[in-house]
Amino acid sequence: MIWRGLLFLAATGTCIAYVLAPAAQGFAVGESARIIFFHVPPAMLCTLFFLWAAVMGIRYLLTRNTSFDHRCLAAVEIGFLLCFLATVTGMIFARQQWGAYWQWDARQTSILIQLLIYAAYFALRFAFVSAERAAANSAAYATFAFLTVPFLIWILPRLPQIQKFSLHGGANEAVIGGGLDASYRMVLYPTLIVILFVAAWAYRLRVREAELTHTLEEMDALASSGGDTADSRVVRPVRIHDAD
Amino acid sequence: MKSDWTAETFAVLRKEAITELRGRYGLYATLLFSVMAVTAIGLASASTEPSPALAAGMFWVALLFAAVTGLARTFLLEEEQGTGDLLRLWAKPGPVFWGKLIYNFVLILVVSVILVPLFVLFVGVSVANWGLLVVALLAGCAALSSGISVCGALAARARGRSVLTGVLSIPVLFSVVLLGVGAVSVAFGALVAGGWPSVAGLAGISLVFLAAGPYLFAGVWKQ
């Protein structure tokens, strides 16, 4: 309970810091640069959740424990939501900074591809009647899909012919390599931690909800099959009286 | 044990080849699709001479859709014809995956070899670097065939499997297409750097798909 209060205070502090942060220099609209506090953390954290989904997918395939399937699904859902937030905040910033919502910049392209890949995960998951088959196939897909993520994030944007048209420039290196102004660093990194905790909390709640639903479905199936008492299943010998 | 594995792989490959020769549906449909794609591209760009980068993009779009149309059939047909369960009883997952993958690789390589002269003739591109083009096509076809084989296997027993295979494999293969466009545009004469680094990226993604594919396939095949 205490940690929830602390999280609430930290989130409130983040919102206040967002308003108080100075306008950035070197941007077309300096005020709009504050959006990076809510653009960069989701972009970084969605990859972390997709990695976690792949780990849980592998564990499900190895153990067939449904708990890992619930974790894999929850991680993809939270990762997808974060990816969507990063895309939308990026589009708003692109409109202010570059004059259009979408420019086919290398980073925009890679995050759009990630969104499409994980949207396909849900299409696969809903396409099976059997819950076990849905769990196994979507776990395998979550793992397979993550294999492309390093290529999308680290390799493609660094190819010379793609880098030439990149509008992000060295923005990512600046954020990771500490090239940001100190006032922005002081807001960005705590925001990253707050969003991580909020996302982890949402993930935990989603896993609990999925496990409760699974338990209720099992109990329902048991009740509709007549319970687990022996006398409803055991066939006893019966005497058939001869007709006189 | 190893010889058993190899023999099973080649038996699956032989089965695919015989099925193809009996029906001739897959290769014929895929090739015809490629020819139609080139015709459509040629018609759309009839009044202009496309730049090497645009021609490379169109080439990879044609190759991607030909691959999605033709390659996933190897897994989908097993379930549609009801032969999947027999194959599960008869063979281990590894040889099934590799046998079908090799067949798919050969099929898409044939399609790409036919697409290149069609592009030269009808779209008006000229190949400036044949070595780069050949290596890029080999690496790209390996990535396409392995990616679609895994996605085809995952979608094979789902509802709406034909559409679902495209939905699963196209976004996963976008990175392959982007790397392929980077390499082929340089091979078509684009004056930019990055041809060989793109080929290295293609080879890397092919190796990753080939390394993970059999394990993921084994996780879902016998369920």
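About the cut-offs
Residues numbered from 1 in each chain as written. Chains lettered and ligands numbered in written order. Predicted model: local features only at pLDDT ≥ 70, side-chain atom pairs only at ≥ 80, totals over all residues. Helix = DSSP H or I, 4+ residues; strand = E, 2+ residues; numbered from the N terminus. Rg over C-alpha atoms; globule rule 2.2 N^0.38 Å. Buried ≥ 20, exposed ≤ 12 C-beta atoms within 10 Å, placed from the backbone. Contact = placed C-beta atoms within 7 Å. Nonpolar A, V, L, I, M, F, W, Y, C, P; charged D, E, K, R; others polar. Expected span 1.5 Å × (residues − 1). Axes fitted to C-alpha atoms, helices over the stretch in contact; angles between N-to-C directions. Parallel < 35°, antiparallel > 145°, perpendicular 65-115°, else oblique. Left-handed = near helix turned anticlockwise from the far one by under 90°. pLDDT = per-residue confidence, 0-100.

**Some remarks on the overall build of chain B**
Assigned secondary structure in chain B consists of 9 helices and 0 strands. Along chain B, helices and strands appear, N-terminal first, in the series α-α-α-α-α-α-α-α-α. Here chain B has a C-alpha radius of gyration of 18 Å; the compact-globule value for 223 residues is 17 Å, and the two agree. Overall size of chain B, expressed as C-alpha extent along the three principal axes, is 55 × 30 × 30 Å. In chain B, buried positions account for 50% of the 223 residues. Taking as baseline every contact in chain B between residues at least 6 positions apart, the subset at least 24 positions apart corresponds to 85%.

**Concerning the interface of chain B and chain A**
Taken together, the contact between chain B and chain A spans 30 residues of the former and 28 residues of the latter. In the side of chain B that touches chain A, the residues fall into 20 nonpolar, 8 polar and 2 charged.

**Digging into helix 5 (residues 131-146) of chain A**
Residues and elements named next belong to chain A. Over its 16 residues, helix 5 extends 22 Å from the first C-alpha to the last, a length consistent with the 22 Å expected when each residue adds 1.5 Å. In terms of burial, helix 5 is largely enclosed, as 12 of its 16 residues are buried. Ala135, Ala136, Asn137, Ser138, Ala139, Ala140, Tyr141, Ala142, Thr143, Phe144, Ala145 and Phe146 are the residues of helix 5 that are buried.

**Considering the environment of Thr12 of chain A**
Residues and elements named next belong to chain A. Structurally, Thr12 can be placed in helix 1 (residues 2-20). According to the C-beta neighbour criterion, Thr12 is exposed, with 11 such atoms within 10 Å. Between the C-alpha atom of Thr12 and that of Val194, which follows or precedes it by 182 residues, the distance is 9.9 Å.

**Points about helix 9 (residues 182-224) of chain A**
Residue and element names in this part refer to chain A. In this model, helix 9 (43 residues) spans 63 Å end to end at C-alpha, consistent with the 63 Å of a helix rising 1.5 Å per residue. Of the positions making up helix 9, those classed as buried are Val187, Leu188, Thr191, Val194, Ile195 and Ala199. Trailing helix 9 by a residue or two, Gly226 shows a phi angle of about 100°, which is positive.

**Concerning the packing of helix 5 of chain A against helix 9 (residues 195-221) of chain B**
For the pair helix 5 of chain A and helix 9 of chain B, interaxial distance at closest approach is 9 Å and the crossing angle is 170°. What the angle tells us is that helix 5 of chain A and helix 9 of chain B run roughly antiparallel. You can see that helix 5 of chain A and helix 9 of chain B cross each other, and the crossing is right-handed. For the pair formed by helix 5 of chain A and helix 9 of chain B, the contact residues are Ala136, Asn137, Ala140, Thr143 and Phe144 of chain A on the first element and Ala212, Leu216, Gly219 and Val220 of chain B on the second. Class assignment for the residues of the contact of helix 5 of chain A with helix 9 of chain B results in 6 nonpolar, 3 polar and no charged.

**Some remarks on the confidence of the model for chain B**
The pLDDT averaged across chain B works out to 87; a share of 99% of its residues lies at or above 70. Taken over the whole predicted complex, pTM reads 0.86, whereas the ipTM for its chain interfaces reads 0.89.

**Quick word on the packing of helix 6 (residues 93-123) of chain B against helix 9 of chain B**
When two helices pack together, their arrangement is captured by the angle between the axes and the distance separating the axes. All names here are of chain B. For the pair helix 6 and helix 9, the least separation of the axes is 9 Å and the interaxial angle reads 120°. Compared by their axis directions, helix 6 and helix 9 come out oblique. For the element pair helix 6 and helix 9, the recorded crossing hand is right-handed. Contacts between helix 6 and helix 9 pair Pro93, Gly94, Val96, Phe97 and Trp98 from the former with Gly213, Pro214, Phe217, Ala218 and Trp221 from the latter. In terms of residue class, the contact of helix 6 with helix 9 is made up of 8 nonpolar, 2 polar and no charged.

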